[in-house]
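# Per-entry structural report
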Protein chains: 2
Amino acid sequence: MTATLDQRIRGDISARIHSGEWPPGTRIPYETELAAHYGCARATVSKAMETLARAGLIERRRKAGSFVARPHSQSAVLEVPDLASVAAAKGETYRWQRNRLAALAAGEAPDIAGIAGAALAVEGVHFADDLPFAIEERWISLAAVPGCADEDFTGTAPGTWLLGHVPWTHARHRIRAVAASAAEARRLAIRPGTACLSLERWTWRARDYVTYVRQLFPGDRHDLIADFDPS
Amino acid sequence: MTATLDQRIRGDISARIHSGEWPPGTRIPYETELAAHYGCARATVSKAMETLARAGLIERRRKAGSFVARPHSQSAVLEVPDLASVAAAKGETYRWQRNRLAALAAGEAPDIAGIAGAALAVEGVHFADDLPFAIEERWISLAAVPGCADEDFTGTAPGTWLLGHVPWTHARHRIRAVAASAAEARRLAIRPGTACLSLERWTWRARDYVTYVRQLFPGDRHDLIADFDPS
DNA sequence: CAGTGGTCTAGACCACCTT
DNA sequence: AGGTGGTCTAGACCACTGT
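Residues numbered from 1 in each chain as written. Chains lettered and ligands numbered in written order. Predicted model: local features only at pLDDT ≥ 70, side-chain atom pairs only at ≥ 80, totals over all residues. Heavy atoms only, no water.

Another aspect to go through is the protein's contact with DNA strand D. Around DNA strand D, 22 residues are found, and the nearest of them are R42 and R60 of chain A together with L5, A41 and T44 of chain B. Across the atoms of DNA strand D situated within 4 Å of the protein, the share located in sugar and phosphate is 68%. Backbone polar atom of L5 of chain B to a phosphate oxygen of DNA strand D: 2.4 Å apart, as the coordinates give it. Contacts to DNA strand D include R42 of chain B, whose side-chain N or O atom sits 3.4 Å from a base nitrogen. Where the surface near DNA strand D is concerned, the elements lending two or more residues are α3 (42–54), β2 (58–61) and β3 (65–68) of chain A together with α1 (5–18) and α3 (42–54) of chain B. With 4 residues, the top contributor of residues to the surface near DNA strand D is α3 of chain B. (Near = heavy atom within 4 Å. Polar contact = N/O pair within 3.5 Å; in protein donor to acceptor, adjacent residues only side chain to side chain. Helix = DSSP H or I, 4+ residues; strand = E, 2+ residues; numbered from the N terminus.)

This is the structure we're talking about:
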C-alpha cells in the first residue's frame, strides 16, 4: 500500500491531469514548489517529472516550467511475439514446416528485402493444431549474420533462431490487408482472394541490415492485439 | 558532441550487448564497480541502469546483480494518428463526412462496443482527395463524456474531437484483415469482398469506459507503419 | 546473514531560455 | 540577467534475496 515518494508525486499529478482538473497547457508548479510541498529533495520531484515527460503527459521547458501536454496521437505498443508462443498461449500445438532454403549470391534477393549482398532465403509454413495459419518468406543478410549459414531451419523457425542469436537495435513493421494469391491460398488451405493480414518486418543491428520477413495470416485465423497504458 | 555521463554509461553497456560481447545471461559489473570505473557516484550509474532495464536490455535482481536480458519478443510502438494528420502528411486534402448520428438509450449499443448505459452512435466516411479511404463506426459512452451530447460531428470527426477533450488512460487495439461486406464496399467505392484492414479501438479513462471505434480501410489505400528503437 | 539494487537527501553547478 | 530544468555528488538507509 505504501508507494515510494516518487510514485506518489507521479500519481498525484497524473490524477490531476486525467481528471481534467489540469487541462492541456496548464503550468505545473515549479520543481522547487513541489519539493517544498512534499517536503522532499528536488531530485525526487525531478525524477517523477522526468518519468511523466517521457510518458508524454507533460512537457518541460527550461526557464518556463513544466506544462500539461496536449495529446496528439493514439499510440500503442504492439507486441509481435514468436508465433510459437502465440500458439502455446492458446493451448494449440505448434509446428513449423520449412519448404525452401537457398543461398543467394549478391543481387539475387528481391528489392523489397533490401539486401544488396549475399543472402539466405527461407520459406515455410506455421501450423497451429495442424492447420496452417501463416506462411513466411524471409531473407537474411549473410554479411550481418554469418552464423546462419550452418542452420537448415527445419527444427526451429528462423524468427525464433534469430531472436536468440542476433540482438537487433531497430525494426520497422508494415501491416496491410491483402487478398491471397492462388499460390498463397494453396499453402494456407484457403480460397484465393481471401482477405489476409500481411506483416512485414525489416530489422537492423546498429547500421547493418539483418533481415526482411513477410508473414501472411488468413484474416480469420489471426489478429493483432495491442494494449497501451501511458506511464 | 559531449554527452552526459549517464548517456555515456548507457551507450557503453548497450554497445557491448549489441555487439555480442556480452551475450544474454552475462552478469554486468556491480553498480559500485561501474561507479569506480567511471569515477562517478553510484546514483549516476543507477540511473543509467534503470533506463536500460526499462528498455528491456537488462534485468536487475537484488543481491545477484544485473544481467543481460534475453529478448523474448519483437515489440513496436504503433502510432495511430488522426486520419486528418495522415492525409495532411501525404499532401492530400482531407474531408470527413458524417452520415449517422443517434442518441441511444441504455442497452441499445451493440455488444462489441461494450457500453451498457446510454451512448452516442456516430458513423461517417473519411475522404482523401475526395476518395473514401476509411469508414468509421463509433459509440461514445454518454456517462463518460457528457459534453459530446452537444456535438453533431459534422465539422470534426469524433476521433479528433475526443482527442482534444477527453484525456484517456488506457486503450486496446485490435487489427484484422476482413473482406468488405456489400454495404461497406458501397460506401468505400470498392468491390465487395475486397481485403480491408479493420482497426478497432476500445478506450478507457481511469475506470470509465469511454468509446469504441471501428475503422475499415481498403487494403490498397492504407497501411500501418511502425518504427521501433529500444531506448 | 551479507550484499545487492532501490530510494532518497541536501547541496552544487551548468546550460539554456524567456523576459 | 535571472530563474528554470538537467545533471551530478557523496552519503545514507532500507528491502529484498541468494547463500
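Moving on, we come to the domain arrangement of chain A. What the domain assignment lists for chain A is domain 1 (5–68) and domain 2 (83–218). Centre-to-centre separation of domain 1 of chain A and domain 2 of chain A, based on C-alpha positions: 45 Å. (Domains from an automatic or database assignment.)

The subject of this paragraph is the packing of aromatic side chains. The tally for this structure, following the rule as stated, stands at 12 aromatic pairs over all chains. With 5.8 Å between their ring centres and 85° between their planes, F153 of chain A and W161 of chain A make a pair best called edge-to-face. For the residue pair F153 of chain A and W161 of chain A, the accessibility class agrees, reading buried in each case. Taking 6.1 Å as the distance between ring centres and 50° as the angle between the ring planes, the aromatic pair formed by W168 of chain A and F228 of chain B counts as tilted. With W168 of chain A in the loop between α5 (158–165) and β8 (170–179) and F228 of chain B in strand β11 (residues 224–228), this residue pair bridges two chains. On the accessibility criterion, F228 of chain B (16% relative accessible area) is buried. What links up through ring pairs into an aromatic cluster is the set W139, W202 and Y212 of chain A. Cation over ring: R27 of chain A sits above Y30 of chain A, and NZ or CZ is 4.0 Å from the ring centre. (Phe/Tyr/Trp six-rings, centres within 6.5 Å; stacked < 30°, edge-to-face > 60°. Buried < 20%, exposed > 50% of the residue type's maximum accessible area, 1.4 Å probe, protein only. Lys NZ or Arg CZ within 6 Å of the ring centre and 35° of its normal.)

Ranked by internal contacts, the top residues of the largest apolar core, which has 39 residues, are I175 and L197 of chain A together with I175 and L197 of chain B. If near-sequence neighbours (up to four positions away) are discounted, I175 of chain A is found in contact with L78, L197, S198, L199 and L224 of chain A together with I175, L197, D223 and L224 of chain B. (Core = buried A, V, L, I, M, F, W, Y, C linked by side-chain atoms within 4.5 Å. Contact = heavy atoms within 4.5 Å.)

Attention shifts here to the relation of the copies chain B and chain A. By a simple turn and slide, chain B fits onto chain A: the slide is 0.0 Å along the axis, the RMSD is 0.1 Å, and the turn is 180°. Taken together, the rotation angle and the small translation identify this as a two-fold axis. When the interface residues of chain B are mapped onto chain A, 100% of them are again interface residues, pointing to one common binding face. (Least-squares fit on C-alpha atoms with pLDDT ≥ 70 in both.)

The interface is formed by 47 residues belonging to chain B together with 47 residues belonging to chain A. Summing both sides of the interface, chain B and chain A together bury roughly 4600 Å²; the carbon and sulfur share of this comes to 51%. Inspection of the region where chain B meets chain A yields 6 salt bridges. Where D227 of chain A meets R172 of chain B, a salt bridge forms, and the shortest distance between an N and an O atom there is 3.0 Å. Looking at which element gives the most residues to the side of chain B that touches chain A, the answer is strand β8 (residues 170–179) of chain B, with 10 residues. Broken down by class, the residue content of the side of chain B that touches chain A amounts to 23 nonpolar, 12 polar and 12 charged. Across 5 bridges, β8 of chain A lies against β11 of chain B in antiparallel orientation. Looking across to β11 of chain B, one finds that R174 of chain A is bridged to I225 of chain B. (Buried area = accessible area lost by both parts, 1.4 Å probe. Salt bridge = Lys/Arg side-chain N within 4 Å of Asp/Glu carboxyl O. Nonpolar A, V, L, I, M, F, W, Y, C, P; charged D, E, K, R; others polar. Pairing = 2+ DSSP bridges.)

Right, let's get into the environment of S14 of chain B. All names here are of chain B. Inspection of the secondary structure puts S14 in helix α1. Note on S14: relative accessible area 17%, which makes it buried. For the pair S14 and W202, spaced 188 residues apart in sequence, the C-alpha separation works out to 36 Å. Excluding residues within four positions of it along the chain, S14 makes contact with L52 and L57.

All told, the structure shown has 34 salt bridges over all chains when counted by the stated rule. One network of salt bridges, in which partners are shared, links D6, R10 and K47 of chain A together with E50 and R54 of chain B.

Residues and elements named next belong to chain A. At A189, a residue that is not glycine, the phi angle is positive and equals roughly 60°. Here A189 lies in the loop between α6 (182–188) and β9 (195–205). By relative accessible area, A189 is classed as exposed at 52%. Look at A206: it is not a glycine, yet its phi comes out positive at around 55°. Its location among the elements puts A206 in the loop between β9 and β10 (208–218). By relative accessible area, which is 60% here, A206 ends up exposed.

Turning to the protein's contact with DNA strand C, a few remarks are in order. Residues in contact with DNA strand C amount to 22 residues; listed here are only the nearest, L5, A41 and T44 of chain A together with R42 and R60 of chain B. Put simply, 64% of the atoms of DNA strand C that lie within 4 Å of the protein are in sugar or phosphate. Here a base nitrogen of DNA strand C sits 3.4 Å away from a polar atom, N or O, in the side chain of R62 of chain A. Side-chain polar atom of R60 of chain B to a phosphate oxygen of DNA strand C: 2.3 Å apart, as the coordinates give it. Of all the elements in the fold, those that place two or more residues in the surface near DNA strand C are α1 (5–18) and α3 of chain A together with α3, β2 (58–61) and β3 (65–68) of chain B. Examining the composition of the surface near DNA strand C, we find that 4 residues originate from one element, α3 of chain A, more than from any other. Looking at side-chain class alone, the surface near DNA strand C contains 5 nonpolar, 6 polar and 11 charged residues.

On to the sheet that holds β2 of chain B. Residue and element names in this part refer to chain B. Strand order in the open sheet made by the 3 strands is β1-β3-β2, with antiparallel pairing throughout. Looking along the sheet, the strands with just one partner apiece sit at the ends: β1 (27–28) and β2. Looking at chain direction, β2 and β3 are connected through 4 bridges and run antiparallel. Residue pairing across strands places E59 opposite F67, the latter belonging to β3. The strands touched by α3 are β1, β2 and β3; relative to β2, the strand with the most contacts, the crossing angle is about 120°. (Axes fitted to C-alpha atoms, helices over the stretch in contact; angles between N-to-C directions.)

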